[in-house]
Every structure is written in C-alpha cells, then in structure tokens.
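So you can see what is in the structure, the chains are spelled out below.
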Amino acid sequence: MKSLGSCELYVSACGTIEQADAAAQHVLGLSADALRGQLVLNRLDDSSRKRWRDFWLQWTPGTPGVQADAVQAPADLNIVRGDGSWVPTCAKVRASRDGEPGRALLTLQPLVTKPLSGTGRAPDSLHDALTGLPNRRGARDIIEAASALGAQAGETISVACVDLDNFRSINEGYGHDLAESVLRAVGALLLECAQGFGRVCRSAGDEFLIIRRSARSAEEMRSFVPLFMSRLHRPIEVGGETLVVTASVGLATQACEGNRFDALMQRASQAMSRAKRLGRNTWYIAQEESTPSLAQQIIKTRLYRAIEQGHLALHYQPIVDLRTGRLRSLEALMRWEDEQLGQVSPSTFIPIAEESGLMAALGAWTLEQACRQAVQWSRSHAVNSPIAVNVSAVQLQRGEFEVDLRRIMAEHAVPPGMLELEVTESALIHDGAHLAALSSRLRGLGVGIAIDDFGTGYSNLLYLKHFHPSKIKIDRCFVHAITSAPEDRAIVRAVIDMAHAIGAKVVAEGVENEEVGRLLCELGCDEAQGYYFARPGPAGAMGEWLSGEYPSCICSVRVA
Ligand code: C2E
Ligand code: CA
Ligand code: CA
C-alpha cells in the first residue's frame, strides 16, 4: 500500500464533507464519492469526536476580522477508515479560499505510515481517553490473559516500559495542549511500530508499555526496542512545532504463570529508572527474575531471629598508612554465626537483609555499636582514628537515615572525625541530588565519606564532583594482581592520580603480601587494608592488639 501522505477535505458549515482530494482515499479508505455528504464526525473514533465537536462549535471563519487563511488546529484526530482500521492524524483547519462563510479546508497529516488495525475505542475504565490505548488496568488484563494463554506452551511475557525523557519540560515550555498532542503522536507511533509485534498501552502520564508474549519474547523484545527507539528519534510535528522526543526504556521478562502483573511491572519500571540514571535515551534490561531459594528463605528467617536475639557481632580490621604502618582507621565488618548455618558471610546475608526490609534495623544496630566502640577505644586506648562503617544504598535512601545517625552520634557523644561511612559507587548514583546534599551535611558533622569497592560499580565519574569523598577505596580485584598484571597496575595508578586530583586519599583493599604493598607505596597509594597487615578481629582481640602495638607501627612495607 502507498505510504500515507496528508490529504485535504472541504467541510461545509454544518460539518459535512463536500469534497475530498485524491490522497483522501489512502487516509480515509473511502473514495471521494463515498466521502461526499458524510459528517466528519462519523469518520472519527470516539476519543476524537468530542475534540472535533468542541472545535467545530467555536469555529467561525466567516467572522469579520478573522483572516481568510487563518489556520487553527483542532488537535489530533483519529480517523476511522472504511475497512475499520484507523489512522491517527494531526489535523489543521483553515477558512476555505472561496470565502464562503463557515466553509473550511481540513488538512489531515497522518502520524503513521500505514493504517492501524482495530478502531480507536471509547474511553472506559480500561482505556485511556487521550490516546484510546489500554490504560494500566487494561494492561493488567492483557498481561493476565496472555499469561494464562502462554502458560501451557511454556511461553514468556516481556514488557518494555517506555518513559519519555524530560516530558515535563515539553509541558512547561509548550503548554498542556501541545504536550497532549505529543503523547498522542508517540502513542500512535508506538502502535505503528508494534503492529504485529505486541500490544501497546499507556500506563501513566508519559509512560507507555509494549507487551509481547512468545516462546522467545525476551530476545525478540531486545531486537525490537532499538528499532522503535531509532524511529522515535525522528522529529515529530505537532501543533506547528517540530520536536525531538527521546525515551528511557526498561525491559523485564517473566514466565507465563499465575497473575503476577505487579511483579513484572515493578521490574520493568525499576529497569526504566535505571535507564534514566544511565543518562536517559537508553534502555536497560532487568536482571533475570530470581525466586528466593530455600536457602535464602531460611537465612532470612534466622537472620530476623539473630537481630532480635542479638546474635550479630562486629569485627574490626585496621587500615594502615602505607609509609609509616600507623593505624589510620578501623573498618567495622558484620559477623553472624548461626548455630545451624555456621558462619554466614555478610556478602550473603546483607543482600537478603536489603531485600526483606531488615537492613534499616541492621544498619542502625551497626552504627550504634561502631560509635560506642569508637568512643570507648578513644577513651581507653587514646585511639583517635575513625571507625569506618559500611552503609548500603537501601539505608541511604531512607529519609530516617540522617535522623538516626545524628541521634546515635549525639547519644554516644562521638567527636568529629571519629566516624567514616563507606558507600559503594552504585549507591551514590541512585539519587544524586539528595545524596550530594546529605554528604555535605555529613561533612559538617565531621563524618567522612569513603567510596567503597571503587572501580566495580559505575563508569561515569561525574558523581565524584558532587560528593567530595575523603577516601577512595580501590577494590581488591584491581589490587591483588598488580605485581603481575600491567593493566591492573595502570588502573590503580590512574585511580590514585584521579583521587589525589580531587583531594581524596586512596586506600587499597585486599593487600595480602608485602610485594603488593610495596608497589602500591611506589605508585603513591596512601593507605592499605588486607590480611598482610591484619585480619578482621572481634573488638576484644582488637583492643588487646591496640594496647600492644599502638601507636607504634603495625607493619610497614619496605620501600626500596
Ligand atoms: P567490603 O566493604 O569490601 O569489606 C572488605 C572485605 O574484604 C571483608 O569481607 C574483609 O574481611 C575482606 N578482606 C579484608 N582483607 C582482605 C584480604 O587481604 N584478602 C581478601 N581476600 N579479603 C580481605 P567481609 O567481612 O566478608 O565483608 C564482605 C562485604 O560485606 C563487605 O565488603 C561489605 O560490602 C559487606 N559488609 C560487611 N559488613 C557490613 C555492614 O556492617 N554493613 C553493610 N552494609 N555491609 C557490610
Ligand atoms: Ca567496606
Ligand atoms: Ca570494599
């Protein structure tokens, strides 16, 4: 079929089509003869009728003073074609040149290249009035029905959550009407791209969904998304403006089983937020869905009890000055020994605590213990090195974090400079503006911020500008092989230079032998932590050790 171009219709004062040009046949799917005498209203879908009626009632081109060729836009109209398919269009009206009062020339500019199947719908509780697309409730029905259909065949269902970038600026800059036209145009465009591929819904303001069910829906969606994103990049013409719209897209897939709409939507929406944080105009695929294993469920239940019954402990590991061997700080590391499970690593139970809502309680407990210990050691052993506490992203995002921290510091009278927080890169990019403000308030309290596991999280270093970290801890995966791997050495050297340039100290993690320590020292690294200097130990043992060695050198590396 010929690709759709714009067409023109002469419309009488009472709203009937008097004459149609040759292109009208492609857009409306009816010959000029068949169109003659029909009400424009009858060729519109339900969602467009009210718009047309409202426009037509106040359309008075014959009024003296209104220029004969003045153009007015009745906004977008969805045209119902002769065969029941439909075409979303951008419509303009101007007074016809013959000057006959009330007679108008209606130009319809299709927003798609081919008609779409199925008519536009009347707004109802399952459809969105603006675009005629299924709304969020409609999407729930579609996904639940698809899940039931695909369950037998072992199919999967994939959702792309498409959120327009900076839509608010279109709304504020161009006004509500034009913003609505953009939404209609984007909806139509997605519908066109997804024809034969999947269903399109408008789930919220500027958020659309594309839904696909098949045996290979995840791969198919991965091939499809770049196609429609590149299509979206082409300028859109609405209401006399030419706009370029981009979107951030999150993909999620799940097996067709049960009614798990919310779980699928949550993952797609989180992936979309991730795409936004990655700089917008990109897409991100949600992690494979993981149902908690039995082992995880057992850990969760027992961890809950361990917190209640006080079965957790903190161990401490020294961080030393590479040149003098002097203690610089002590990192608090959580330990849990369960009577059935034995020692459970924090790398195992902390993610479970984060997922099951236990992290806030666990984090507050750690802060409290660490602050108590810092003050005790400063009194009993004249230790004036800070204690470094690991803080997870989940803790930082809670509004209560700062309140809890201030309360705990005040209760234990923690002097400035005695507490440091270790935060991973990925936690910092989560909510940049909020955390930048938080970190500056923390500095005001005398609390330092160290970026933990540096190099493993995020590649865009822009965030460093806002956080002014006091320390950067190079992850041990870059450190352990620096004596044999030139690439690792180059990375460590670059991190050291960069950290010094922004006024931060550098700590190397996981130093297990003297050779590594010496090389780090030569590269200009300030501090180190690792089994070569000391393993983490309980507070009691660490206290003894502090009494014995402190403030003399723990162990310095011999620099040639
Ligand atoms: P992390 O913050 O990177 O902590 C350092 C980890 O490296 C610790 O493991 C420590 O025991 C280990 N380590 C220290 N020196 C060496 C070495 O020379 N070689 C090797 N191979 N490893 C070394 P751990 O205690 O198992 O902790 C693992 C992770 O669990 C921590 O990594 C941290 O991300 C998390 N974690 C521990 N305690 C807490 C806590 O209280 N709160 C939060 N949010 N996370 C914690
Ligand atoms: Ca750490
Ligand atoms: Ca670390």
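Our structure's up above, just so we're on the same page.
Residues numbered from 1 in each chain as written. Chains lettered and ligands numbered in written order. Predicted model: local features only at pLDDT ≥ 70, side-chain atom pairs only at ≥ 80, totals over all residues. Heavy atoms only, no water.

Opposite charge on two side chains permits pairing when their charged atoms draw close. Inspection of the entire model under this criterion finds 24 salt bridges. Put simply, arginine 140 and glutamate 144 hold a salt bridge, and the shortest N to O gap is 3.7 Å. Highlighted residues: arginine 140 and glutamate 144, both in helix H4 (residues 136-151), separated by 4 residues, approximately one helical turn. We classify arginine 140 as partly exposed; its relative accessible area is 30%. Under the relative-accessibility criterion, glutamate 144 is labelled partly exposed at 21%. The closest approach of N and O atoms between arginine 216 and glutamate 220, which form a salt bridge, is 3.7 Å. Given a relative accessible area of 45%, arginine 216 falls into the partly exposed group. One network of salt bridges, in which partners are shared, links Arg212, Arg216, Glu219 and Glu220. (Salt bridge = Lys/Arg side-chain N within 4 Å of Asp/Glu carboxyl O. Helix = DSSP H or I, 4+ residues; strand = E, 2+ residues; numbered from the N terminus. Buried < 20%, exposed > 50% of the residue type's maximum accessible area, 1.4 Å probe, protein only.)

Scanning the model with the defined rule gives 4 cavities of 30 Å³ or more in all. Counted as a void, the largest cavity has a volume near 80 Å³. Only strand S3 (71-80), strand S4 (86-95) and helix H6 (176-193) provide two or more residues apiece to the lining of the largest cavity. Take the lining of the largest cavity: its biggest share by element is 4 residues, from H6. Across the lining of the largest cavity, the residue classes tally to 7 nonpolar, 3 polar and 2 charged. (1 Å grid on protein atoms, 1.4 Å probe; cavity = no way out; pocket = protein on both sides within 12 Å on 5 of 7 lines; lining within 4 Å. Points joined across faces, edges and corners; volume = space filled by probe spheres on them. Nonpolar A, V, L, I, M, F, W, Y, C, P; charged D, E, K, R; others polar.)

For the rest of this paragraph, the subject is the coordination of the calcium ion (ligand 3). Ligation of the calcium ion (ligand 3) by protein atoms is provided by Asp452 (OD), Asp453 (OD), Glu509 (OE) and Glu509 (OE), these donors lying 2.0 to 2.8 Å from the ion. Between the donor residues of the calcium ion (ligand 3), the gaps in sequence give the motif D-D-x55-E. A separation of 3.8 Å is found between the calcium ion (ligand 3) and the calcium ion (ligand 2), both of which receive a donor from aspartate 452. Of the two residues, aspartate 452 is situated in strand S18 (residues 447-454) and glutamate 509 in the loop between strand S20 (505-508) and helix H19 (514-522); the sequence distance between them amounts to 57 residues. (Donors = N, O, S within 2.8 Å, 3.2 Å for Na, K, Ca; no water.)

Further remarks concern the site of ligand 1. Taken together, the neighbourhood of ligand 1 is formed by 22 residues, with Gln317, Arg335, Arg476, Glu512 and Tyr531 sitting nearest. At a separation of 3.0 Å, a nitrogen atom of ligand 1 approaches a polar backbone atom of methionine 334. Aspartate 452 is positioned such that a nitrogen or oxygen atom in its side chain is 3.0 Å from an oxygen atom of ligand 1. Looking at the shell around ligand 1, the elements with two or more residues in it are strand S14 (327-338), helix H10 (346-355), helix H11 (359-380) and S18. The element contributing the most residues to the shell around ligand 1 is S14, with 4 residues. Classifying every residue of the shell around ligand 1 by side-chain character gives 8 nonpolar, 7 polar and 7 charged. (Near = heavy atom within 4 Å. Polar contact = N/O pair within 3.5 Å; in protein donor to acceptor, adjacent residues only side chain to side chain.)

Okay, the sheet that holds strand S6 (residues 156-164) next. Taken in spatial order, the 5 strands make up an open sheet running S7-S8-S6-S11-S12, and their pairing is mixed. Sheet topology places strand S7 (199-204) and strand S12 (283-285) at the edges, where each strand pairs with a single neighbour. Neighbour-to-neighbour, the strand axes of the sheet open up by a mean angle of 20°, direction not taken into account. Inspection of the sheet shows S6 paired to strand S8 (residues 207-214) by 8 bridges, in the antiparallel sense. Its bridge partner lying in S8, threonine 156 is registered against serine 214. (Pairing = 2+ DSSP bridges. Axes fitted to C-alpha atoms, helices over the stretch in contact; angles between N-to-C directions.)

Functional significance is not addressed by these values, which are geometric in nature.
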